[in-house]
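# Per-entry structural report
The primary structure of each chain is shown beneath.
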Amino acid sequence: MRPTPFSTQIQSWYDKNKRDLPWRNTNDPYKIWLSEIILQQTRVVQGLPYYQKFIDSFPTVSDLANAQEQEVLVLWQGLGYYSRARNLHAAAKMVLSEFDGVFPTDYQNLKKLKGVGDYTASAVSSFCAQEPQAVLDGNVFRVLARYFNIDLAINSTPGQKYFKQLALDLLDKDQPGKHNQAIMEFGALQCTPKSPDCNNCPLNTSCLAIKHGKTDQLPVKHKAKPARMRFFNYLVKLDPDNNTQIQKREGPGIWQNLYEFPLWESDAAIDTHEVETYLNTHVTDKFVNLSRFNDKPKIHKLSHQHLYATFWILEIEKPITDPIAWQDLDKYPMPVLLTDFIKAFKI
DNA sequence: AAGTCGGGGGA
DNA sequence: TCCCCAGACTT
């Protein structure tokens, strides 16, 4: 079957404008999958160094499966959405246990892997096995919404169904992998979210958003509810040997399986006196000095939470019972809020 | 169907 | 400041 004019033009644009990215120079489904997990909700420039680190540390899916989760999380540190890293590791183990170490390339089996949803299964199966599956990511939503002037919300159920069918109708079944990569690259480089370069676009004569002057209003997306505020008081203990104490964050919630200093979450900003009261009733270590590291709360913004963090330095009288040497902190995966503090704090 | 899960960067 | 980024999972 002949590709649609849309696909032909997109692929022609792709031939001239595609970036040279490392995961485009391989057919190894393990590497393709790894790149797709890293790139979920993540810009290429941000994900690129992480991809290289993972390939260097774990050249094969067996290497990844045999690692400790903590190693994987340390490598993932700073990239966010840490469930991706936990699921990545679990999926690698599944490949060994359920697929005899052979990474699947078909949609149905890919979808069984933890962390692999419709997008990633479509991407890997179309790239590696030329399976006729249409990808639907933020780029594709934007390109299709504009080119066909569709105002269904991309984060509504009717919108998802409509765009999925449209993407499938447009797919070049003979070259689904190239088609999918082309439309995503087109969205990333040409049909950008803000101020797209429509004057220099090969589709500008047939684009319905341009025709109706609605390019800057598409795609339509329902707004997220505003973030909630949280107040984190980190108790940074230092004993006479310059050892400190950290603990693993258990689920549910943010930063599962990452480490942090002992945390007191309060329902408002706290002053020194209130911290002293808290310490006297909740912390058994005797401290010889208490000081506040940051005068104003450090604001750390996540998608759905705004964290107001204060670091309290506690000089402890006796050696800590479960000590961590300060210089060993980098062996533990931690959120950026804490690695920034550790970087700034000099003993 | 709505909420949750990070962090960074562009305008 | 707001929005988006090669989405997936839970409730």
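Residues numbered from 1 in each chain as written. Chains lettered and ligands numbered in written order. Predicted model: local features only at pLDDT ≥ 70, side-chain atom pairs only at ≥ 80, totals over all residues. Heavy atoms only, no water.

Before going further, it helps to examine the side chain of His89. In this structure, His89 sits in helix 6 (residues 83–98). We classify His89 as buried; its relative accessible area is 6%. Excluding residues that lie within four positions of it along the chain, His89 makes contacts with Leu64, Ala65, Ala67, Gln68, Glu69 and Val72. (Helix = DSSP H or I, 4+ residues; strand = E, 2+ residues; numbered from the N terminus. Buried < 20%, exposed > 50% of the residue type's maximum accessible area, 1.4 Å probe, protein only. Contact = heavy atoms within 4.5 Å.)

Counting buried positions along helix 9 (residues 138–147) gives nine out of 10 residues, so the element sits mostly inside the fold. Listed as buried for helix 9 are Asn139, Val140, Phe141, Arg142, Val143, Leu144, Ala145, Arg146 and Tyr147. Here the buried face of helix 9 lies against helix 1 (5–17), helix 10 (157–170), helix 11 (176–189) and helix 12 (208–211). Asn149 sits one or two positions beyond helix 9 and adopts a positive phi of about 50°.

Applying the stated criterion across every chain, the model contains nine salt bridges. With a shortest N-O distance of 3.0 Å, Glu185 and Arg24 are connected by a salt bridge. Residue Glu185 is found in helix 11, and its partner Arg24 is found in the loop between helix 1 and helix 2 (29–39); the two are separated by 161 residues along the sequence. Given a relative accessible area of 2%, Glu185 falls into the buried group. Where Glu260 meets Arg249, a salt bridge forms, and the shortest distance between an N and an O atom there is 3.1 Å. Here Glu260, found in strand 4 (residues 259–260), pairs with Arg249, found in the loop between strand 3 (247–248) and strand 4; they are 11 residues apart in sequence, far enough to count as distant. A residue is classified by how much of its surface remains accessible, and Glu260, at 4% relative accessible area, is buried. By relative accessible area, which is 12% here, Arg249 ends up buried. A network of salt bridges, in which partner residues are shared, links Arg19, Arg24 and Glu185. (Salt bridge = Lys/Arg side-chain N within 4 Å of Asp/Glu carboxyl O.)

Let us look at the domain arrangement of chain A. The assigned domain composition of chain A is domain 1 (5–217) and domain 2 (228–344). Taking the mean C-alpha position of each, domain 1 and domain 2 sit 37 Å from one another. Between domain 1 and domain 2, the residue contacts involve nine residues of the former and 14 residues of the latter. When the area that domain 1 buries against domain 2 is broken down by residue, the three leading residues are Gln70, Gln77 and Tyr82, summing to 50%. At the junction of domain 1 and domain 2, the tally comes to zero salt bridges. By residue number, the principal contributor to the side of domain 1 that touches domain 2 is helix 5 (residues 69–76), which donates four residues. Split by residue class, the side of domain 1 that touches domain 2 holds four nonpolar, three polar and two charged. (Domains from an automatic or database assignment. Buried area = accessible area lost by both parts, 1.4 Å probe. Nonpolar A, V, L, I, M, F, W, Y, C, P; charged D, E, K, R; others polar.)

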